[in-house]
Amino acid sequence: MRAIVAGNWKMNGTLAETRSLLAALAPEIETAEANGVDVVVIPPFTALETASATLRSAGSRIHLGAQDLHWEPKGAFTGEISVGMLRELGCSFVLVGHSERRAHFGEGGAVLLAKLEAAIRGGLTPILCVGEKLEEREAGRTEGVLDDQLDETLFALAPRDIAGVVVAYEPVWAIGTGRTATPQQAEEAHRHIRHRIAGRFGEEEGARSRILYGGSVTSANAAELLRRPGVDGALVGGASLKAAEFAGIVRLATQGGT
Ligand code: PEP
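As the structure is a computational prediction, the values presented were derived from the model and not from experiment. (Residues numbered from 1 in each chain as written. Predicted model: local features only at pLDDT ≥ 70, side-chain atom pairs only at ≥ 80, totals over all residues. Heavy atoms only, no water.)

All right, on to the side chain of Thr 54 then. Mapped onto the elements, Thr 54 comes out in helix H2 (residues 48–57). Residue classification places Thr 54 among the buried residues on the basis of a relative accessible area of 14%. Discounting residues that sit within four places of it in the chain, Thr 54 has contacts with Arg 19, Leu 22 and Ala 23. (Helix = DSSP H or I, 4+ residues; strand = E, 2+ residues; numbered from the N terminus. Buried < 20%, exposed > 50% of the residue type's maximum accessible area, 1.4 Å probe, protein only. Contact = heavy atoms within 4.5 Å.)

See the structure below:
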């Protein structure tokens, strides 16, 4: 299975910063594709066109992703961006249900299902983010929370639609906090998610689903996480804004975390 290392820039990246970060990154990770790792950068909407042009002129095979999408193809949705618009800018991936969208913009349930369906219909690979809050983990509710989040999104999709959907396990308490899940915690959560996918869509789908870990991943802790069975890559926030850091994580992924 091909690993994925995706960098979510969040609301960071002027056009000048986008050009310089990608120009530095492209040569660093030239061989990742050939070594079985899909590398994805996910800048803000405003930088997608510049990112696309910079990657093209560097001859880079880094994939481009967006941080969000609207579920309708066009219309009276002020401020929103459709799948077609993202495709036009060269995107092939899109985040769905990042915990910051859930927390700050009230996204959940039906909205996320509609976004997933729109992404798939429009030919983008969604990276569906799921994860528990600290109080939910401390109350022993991690698996129940993951189940609920999967039930209303991934598991509500038709079986024919789910091939290719990527899941990112991102414990909310680990995002942007510097506090990473232990490799053991990550492995357990990934095992649970895979088991649930297999239960819903069959063993084959469970085995081929790509499940990424996200939450304060750096080049210092990535090896331990990526080495764990069932951890198929990383969704990286803060560390993806530094070319050397992000390239270091990609390098570890090409070595399977060893
Ligand atoms: C993220 O934004 O998905 C993320 C995991 O952020 P960070 O790596 O900064 O914790």
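Further remarks concern the packing of aromatic side chains. In total, this model carries 2 aromatic pairs according to the counting rule given. Where Tyr 169 meets Tyr 213, the ring centres are 6.3 Å apart and the plane angle is 55°; that geometry is what we call tilted. With Tyr 169 in strand S6 (residues 166–169) and Tyr 213 in strand S7 (residues 210–214), this residue pair connects regions lying 44 residues apart in the sequence. Using a relative accessible area of 0% as the deciding quantity, one classes Tyr 169 as buried. Here Tyr 213 falls in the buried class, since its relative accessible area comes to 1%. (Phe/Tyr/Trp six-rings, centres within 6.5 Å; stacked < 30°, edge-to-face > 60°.)

Quick look at the layout of surface pockets now. Taken as a whole, the largest pocket encloses approximately 460 Å³ of empty space. Residue lining of the largest pocket: 17 residues in total, with Phe 45, Gln 67, Asp 68, Arg 101 and Phe 105 positioned closest to the centre. Broken down by element, the lining of the largest pocket gets its largest block of residues, 4 residues, from helix H4 (residues 99–105). In the lining of the largest pocket, the residues fall into 7 nonpolar, 5 polar and 5 charged. Each pocket or cavity is described by its volume, and for the second largest pocket that value is around 290 Å³. Along the wall of the second largest pocket there are 17 residues; nearest its centre are Arg 102, Gly 131, Lys 133, Gln 149 and Val 172. If you list the elements that add at least two residues to the lining of the second largest pocket, you get H4, strand S5 (125–130) and helix H7 (142–151). When grouped by side-chain class, the residues that make up the lining of the second largest pocket number 5 nonpolar, 5 polar and 7 charged. (1 Å grid on protein atoms, 1.4 Å probe; cavity = no way out; pocket = protein on both sides within 12 Å on 5 of 7 lines; lining within 4 Å. Points joined across faces, edges and corners; volume = space filled by probe spheres on them. Nonpolar A, V, L, I, M, F, W, Y, C, P; charged D, E, K, R; others polar.)

Turning next to empty space enclosed by the protein. For the structure on display, the rule yields 1 cavity of 30 Å³ or more. What the largest cavity holds in volume is close to 30 Å³. In terms of lining, the largest cavity is formed by Leu 154, Ile 162, Val 165, Val 167, Ile 197, Glu 205 and Ser 209. Here the residues of the lining of the largest cavity are counted per class, giving 5 nonpolar, 1 polar and 1 charged.

On to the packing of helix H1 (residues 15–28) against H2. Where H1 meets H2, the closest approach of the two axes is 9 Å, and the angle between their N-to-C directions is 30°. It follows that H1 is roughly parallel to H2 by the angle criterion. Between H1 and H2 lies a crossing whose hand is right-handed. Of H2, the residues touching H1 (which contributes Leu 15, Thr 18, Arg 19, Leu 22 and Ala 23) are Thr 50, Ala 51, Thr 54 and Leu 55. A breakdown of the residues in the contact of H1 with H2 according to their chemical character gives 5 nonpolar, 3 polar and 1 charged. (Axes fitted to C-alpha atoms, helices over the stretch in contact; angles between N-to-C directions. Parallel < 35°, antiparallel > 145°, perpendicular 65-115°, else oblique. Left-handed = near helix turned anticlockwise from the far one by under 90°.)

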